[in-house]
Amino acid sequence: MGFLTYLINGLSLGSVYAIIALGYTMVYGIAKMLNFAHGDVIMIGAYLVFMCMSNSGLPAVVSIVIAIACCTVLGIIIEKIAYKPLRKATNLAVLITAIGVSYFLQNMALLIFGSNPVSFTSVINWEGLSLAGGQLKITGNAIVTIITCLVIMFGLMWFVKNTKPGQAMRAVSEDKDAATLMGINVNATISLTFAIGSGLAAIAGALLCSSYPNLNPYTGSMPGIKAFTAAVFGGIGSIPGALIGGLLLGIIEILAKAYISSQLADAIVFAVLIIVLLVKPTGILGKQIKEKV
Amino acid sequence: MKNLNKSTQKLIISILVIVVLYIVMAVMESTGNLSSLMSGLLVPVCAYSLVAIGLNLCVGYLGELSLGHAGFMCVGAFTSAFFSKAYANTIPDVPRFILALLIGTFFAALFGFLIAIPVLRLSGDYLAIVTLAFGEIIKNVINVLYVGIDSNGLHVSMKDMMSLGLEPDGTLLVNGAQGITGTPRQATFLIGVLLVIFALVVTFNFVNSRTGRAVKAIRDNQIAAETVGLPITKYKLIAFTISAAIAGVGGVLYAHNINSLTATTNNFGYNMSIMILVYVVLGGIGNFSGSLIATVVLTMLPEMLRGLSNYRMLIYSIVLIALMLFNWAPDILKFRADHGLTSKTILGKIKKTKEVQ
């Protein structure tokens, strides 16, 4: 039973990673940039939910909707100010600007919310299930997190496959110039991607802090890095890849914590990543890009 | 001076500037004109500069983004501090520091070499994430490492202090997350500056050597380099190892400047790797003197802004974003070119006014 509990906890953590990884992977697929500030958008989202719920006493669902809206706007603004002018510059320049944005968000949060961690009240008011005569307890947080993740994932896959903006996204990620010639508004599509990614980050922030209630201005950075790892793990640029990468990463982390060493868990996660990348250099579901002369 | 080629002239000018800066700083420090915070930053600035030079070799000349150079710095720091502490009473100060320097550099180079073998099979962002992963692994493993020494020899454990089973006469050298305490503080500003100059000379010579030209050829077009018969893996390995070794020197300097050495996210984790990368990119990719300038300015900047207390890091981040846009955004670059605001034209104007005078 212990193993099953760990597995479910792992799935729950992995679902959060998967939602964050989606933001990374979509932005990477379309803008070919590593958005290092994504982790900090999660933190901002979590703070917004916290402010709405604890300070203003709004219900959880309303708080999350407000947070999603604010983070979406934030994502669009960041993209417009910091990333759009650098669209044709080298990748490295955009990367450093993203780091600058990440510092900016962290310090902004530090000024507004202070450096003391706040205790986040879970957005889910449900004890959860108790199976097998009370031996196997599944928390409400875990169930809601896993279901949310699956809903988002399939919703997004449907969106990208079947809707006009989704098809535009795929076209832009294939070939920007050709997409422009087809009459696709590349700038609007990239903004839309950032908007979706940042909105998802707000959800991820609320779910992450519901399970791990310690919220401070640096909360987002480590999950951000791990989710980025998950995105690479599954093959960056691929939506199902983000799901698989995130879930695997979460399960490995929790199992390593439980059975090997809690301090070495991160090292084990990264070691598995390295082994996977050495066997499959573009991640589990990544496409092999052949270089032409 | 006129007979030398351009890159050698540049190198000599950079070294002269460093020497002048060193003298200014040393004079200011001895006359008490330097705040204690600033003088405390002198050695770390040299350490960061060394790592930045190492990383610039990797990013600028090998053309591969590494997010794990703090890991090599960490290896250099911990191996040298371990050595210094273990032999603190048996070897005199000066030879011990030199040996520690060599040991730190060697182990950083060794780790660089070992990591490079698998890593260089990958490319681009995948390589970046794997170097980041390696850096995190190094940091994590050091955090659970316990090493002690007694009459029976070395004891190593990855669990806790108790499981070392030390004899009563034994001493604890590495204490897990508390790291190494009581490293002799031997790194001075002078040593730091000398090491930076040495690293500059080594890298300048390396990139202009036959091997360095091969590395540049691989960066510019790997397939073309391969078709003319360059052994790609060998040259990549050489460049990556040297890059890691220089970062290791920075680590040695860093470790011998503080009393208790711990591996946290901020000093040896990805935060540090990213900070060094910021120095490299802002200073100019492939420009070693630029990395130095960026390191000095950006390390000192938060201290100079200390009067603004809480706002300083916020301002720092805004300056960083603004500088990146100013230097890299195509539209802004075009605007600067149209209005005579590029660094070249401005430098040209300054030169002209000097000639007129």
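Here the residue numbers are simple positions, counted from 1 along each chain's written sequence. Chain labels run from A onward and ligand labels from 1 onward, assigned in the order the entries are written. Local features in this predicted model are restricted to residues whose pLDDT is 70 or higher, and side-chain atom pairs enter the listing and the counts only when it is 80 or higher, whereas totals over whole chains, interfaces and linings include all residues.

## A word on the overall build of chain B
What counts here: The numbering of helices and of strands both runs from the N terminus, where a helix is a DSSP run of H or I of at least 4 residues and a strand a run of E of at least 2. Here the globule rule is a power law, 2.2 Å times the number of residues to the power 0.38, and the radius of gyration is based on C-alpha atoms. For every residue, the other C-beta atoms within 10 Å of its own C-beta are counted; 20 or more classify it as buried, 12 or fewer as exposed, and values in between as partly exposed. C-beta atoms are placed from the backbone. By the convention adopted here, residues are in contact when the distance between their C-beta atoms, placed from the backbone, does not exceed 7 Å.
Each helix and strand counted, chain B has 15 helices and five strands in total. Its C-alpha radius of gyration of 22 Å places chain B within 12% of the 21 Å reference for a compact globule of 357 residues. Viewed in the frame of its principal axes, chain B has a C-alpha envelope of about 75 × 60 × 45 Å. Burial statistics for chain B: of 357 residues in total, 41% are counted as buried. Long-range contacts, defined as pairs at least 24 residues apart, comprise 75% of the intrachain contacts of chain B with a sequence gap of at least 6.

## A look at the overall build of chain A
Each helix and strand in chain A was counted, giving 11 helices and four strands. Relative to the compact-globule value of 19 Å for 293 residues, chain A shows a C-alpha radius of gyration of 19 Å, a close match. Considered along the principal axes of its C-alpha atoms, chain A spans approximately 60 × 45 × 35 Å. By the burial criterion, 52% of the 293 residues in chain A qualify as buried. In chain A, the share of contacts with a sequence separation of at least 24, taken over all contacts with a separation of at least 6, comes to 74%.

## A short note on the nonpolar core
This is how it is decided: A set of buried Ala, Val, Leu, Ile, Met, Phe, Trp, Tyr and Cys residues, joined to one another through C-beta atoms within 7 Å, is what we call a nonpolar core.
Counting 200 residues, the largest nonpolar core has Ala46(A), Leu50(B) and Ile276(B) as its most contacted members. When residues no more than four places from it in sequence are discounted, the contact partners of Leu50(B) are Leu195(B), Val196(B), Ala199(B), Ile246(B), Ala247(B), Val249(B), Gly250(B) and Leu253(B).

## Considering helix α6 (residues 164–174) of chain A
Residue and element names in this part refer to chain A. In plain terms, the rule: Starting at the helix axis, one direction is taken to each C-beta atom, and the arc is that of these directions.
Here α6 has its buried residues at Ala 168, Met 169, Val 172 and Ser 173. An end-on view of α6 places all buried positions within 130° of arc, on one side of the element. The exposed residues of α6 that point more than 90 degrees off its buried face are Lys 164 and Glu 174. Buried residues along α6 sit against α1 (2–31), α5 (140–162), α7 (176–181) and α8 (186–211).

## Re the sheet that holds strand β1 (residues 146–150) of chain B
Residues and elements named next belong to chain B. Put simply, the rule is: We treat two strands as partners when DSSP finds at least two bridges between them. In this description, a line fitted to the C-alpha atoms serves as the axis of each element, helices being fitted only across the stretch in contact, and the angle between N-to-C directions of two axes falls anywhere from 0 to 180 degrees.
Taken together, three strands build an open sheet; the order of strands is β2-β1-β3 and the sheet is antiparallel. The two strands at the open ends of the sheet, each matched to only one other strand, are β2 (153–157) and β3 (171–175). Each strand of the sheet is rotated relative to its neighbour by a mean of 20°, with strand direction disregarded. Bridge count for β1 against β2 is five bridges, and the pairing is antiparallel. The residue bridging Tyr 146 from the neighbouring strand is Ser 157, located in β2.

## Overview of the environment of Leu341(B)
Residue and element names in this part refer to chain B. Here Leu 341 shows up in the loop between α14 (330–338) and α15 (343–356). Under the C-beta neighbour-count criterion, Leu 341 is labelled partly exposed, with 13 such atoms within 10 Å. Apart from residues lying up to four places away in sequence, Leu 341 is in contact with Arg 336 and Ile 346.

## Let's talk about helix α11 (residues 265–279) of chain A
Cut-off, in case you're wondering: Here the expected length of a helix is defined as 1.5 Å per residue gap, with one fewer gap than residues.
Its 15 residues place the ends of α11(A) 21 Å apart at the C-alpha level, agreeing with the 21 Å of an ideal helix rising 1.5 Å per residue. Buried within α11(A) we find Asp266(A), Ala267(A), Val269(A), Phe270(A), Leu273(A) and Leu277(A). One side of α11(A) carries all its buried residues, which in axial view fall inside an arc of 160°. Away from its buried face by more than 90 degrees, α11(A) exposes Ile275(A) and Val279(A). Elements in contact with the buried residues of α11(A): α9 (221–234) and α10 (239–259) of chain A together with α5 (124–143) of chain B.

## Let's talk about the confidence of the model for chain B
All names here are of chain B. Note the cut-off: Values of pLDDT, which run from 0 to 100, indicate the predictor's confidence residue by residue.
Counting all residues, the mean pLDDT for chain B is 85, and 97% of those residues have values of 70 or more. The element-level mean pLDDT for chain B is lowest in α15, coming to 72, with helix α9 (residues 232–255) highest at 93. Taken over the whole predicted complex, pTM reads 0.87, whereas the ipTM for its chain interfaces reads 0.86.

## Side note on the environment of Gly135(B)
Residue and element names in this part refer to chain B. Relative to the assigned elements, Gly 135 resides in helix α5. In this structure Gly 135 comes out as buried when scored by C-beta crowding, with 27 C-beta atoms within 10 Å. As for Gly 135 and Gly 269, which are separated by 134 residues in sequence, their C-alpha atoms are 6.6 Å apart. Filtering out sequence-adjacent residues up to four positions away, Gly 135 remains in contact with Leu 67, Gly 68, Ala 70, Gly 71, Tyr 270 and Ser 273.

## What about unusual backbone geometry?
Residues and elements named next belong to chain A. The backbone phi angle of Lys 32 is positive, close to 55°, even though this residue is not glycine. If you trace the backbone, Lys 32 turns up in the loop between α1 and α2 (38–55). For Lys 32, a count of 16 C-beta atoms within 10 Å translates into the label partly exposed.

## Concerning the interface of chain A and chain B
Each partner contributes to the interface: chain A provides 38 residues, whereas chain B provides 37 residues. Looking at the side of chain A that touches chain B element by element, the count peaks at 12 residues for helix α4 (residues 91–113) of chain A.

## Re the packing of α4(A) against helix α11 (residues 270–283) of chain B
Just so we agree on the cut-off: To sort the angles, those under 35 degrees are grouped as roughly parallel, those over 145 as roughly antiparallel, those from 65 to 115 as roughly perpendicular, and the leftovers as oblique. Note on convention: near helix rotated counterclockwise from far helix by under a right angle means a left-handed crossing. Clockwise means right-handed. Residue polarity is assigned by list, with Asp, Glu, Lys and Arg as charged and Ala, Val, Leu, Ile, Met, Phe, Trp, Tyr, Cys and Pro as nonpolar; anything else, Gly included, falls into the polar class.
At their nearest, the axes of α4(A) and α11(B) sit 10 Å apart, and the two run at 130° to each other. As judged from the angle between their axes, α4(A) and α11(B) are oblique. Judged by the sense of rotation from one axis to the other, the crossing of α4(A) with α11(B) is left-handed. Note on element contacts: α11(B) touches α4(A) through Ile274(B), Leu277(B), Val278(B) and Val281(B), opposite Leu92(A), Ala93(A), Ile96(A) and Ile99(A). The class makeup of the residues in the contact of α4(A) with α11(B) is eight nonpolar, no polar and no charged.

## With respect to the pairing of β2(B)
Summarising burial for β2(B): zero of the five residues are buried, a small minority. Hairpin connection of β1(B) to β2(B): two residues between the antiparallel strands.

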